[in-house]
Amino acid sequence: MAGLGLRASDLARLGQLALQGGEKLISQEWLEESTRPATPVTGQIGLLWWVLYEWTRYTVNESHVEALAEAGMGNSVGGAAPLCL
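Residues numbered from 1 in each chain as written. Predicted model: local features only at pLDDT ≥ 70, side-chain atom pairs only at ≥ 80, totals over all residues. Heavy atoms only, no water.

**Student:** Got a minute to help me understand the pattern of salt bridges in this structure?
**Tutor:** Pairs may arise between side chains of opposite charge once their charged atoms sit close together. Per the counting criterion, the structure on display carries two salt bridges. The partner of Asp10 in a salt bridge is Arg7, with the nearest N and O atoms 3.2 Å apart. The salt bridge partner of Arg36 is Glu33, with a shortest N-O separation of 2.5 Å. The exposure class assigned to Glu33 is partly exposed, which follows from its relative accessible area of 41%. (Salt bridge = Lys/Arg side-chain N within 4 Å of Asp/Glu carboxyl O. Buried < 20%, exposed > 50% of the residue type's maximum accessible area, 1.4 Å probe, protein only.)

Listed below in structure tokens is the structure:
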């Protein structure tokens, strides 16, 4: 995350800021864009946000690993993705 040293309380504040519509610090347009699905791999990932309900369980399957490889991200996961299957 760009070398940011964030504590849980910092992340909670950012989340609360997003829930409150940005309060003039973050544009509503950016909030909407960043929480839309941002990858063809899955509709559950936005731009630095997981677009999941808290009770949702996420499972990585073979098609996810293949989609990452096709998107050229096979090397960035360091071979760990197949271990998730």
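More follows now that the structure is in view.
**Student:** What is the right way to look at a nonpolar patch on the surface in this model?
**Tutor:** A cluster of nonpolar side chains, namely Leu4, Leu6, Leu11 and Leu14, defines an oily patch on the protein surface of about 350 Å² accessible area. Residue Leu6 is classed as partly exposed on the basis of its relative accessible area, which comes to 36%. (Patch = residues over 30% accessible without salt bridge, like charges linked within 9 Å, V, L, I, M, F, W, Y side chains within 5 Å. Areas by Shrake-Rupley, 256 points an atom, 1.4 Å probe, with all protein chains shown as cover.)

**Student:** Looking at this structure, I do not really get the environment of Arg36. What am I missing?
**Tutor:** Within the secondary structure layout, Arg36 lies in the loop between helix H2 (28–34) and helix H3 (62–70). With 13 residues separating them in the primary sequence, Arg36 and Trp49 have C-alpha atoms 9.0 Å apart. The residues touching Arg36, leaving out its near neighbours within four places in the chain, are Ile45, Gly46 and Leu47. Among the polar contacts made by the side chain of Arg36, one reaches the side chain of Glu33 at a distance of 2.5 Å. (Helix = DSSP H or I, 4+ residues; strand = E, 2+ residues; numbered from the N terminus. Contact = heavy atoms within 4.5 Å. Polar contact = N/O pair within 3.5 Å; in protein donor to acceptor, adjacent residues only side chain to side chain.)

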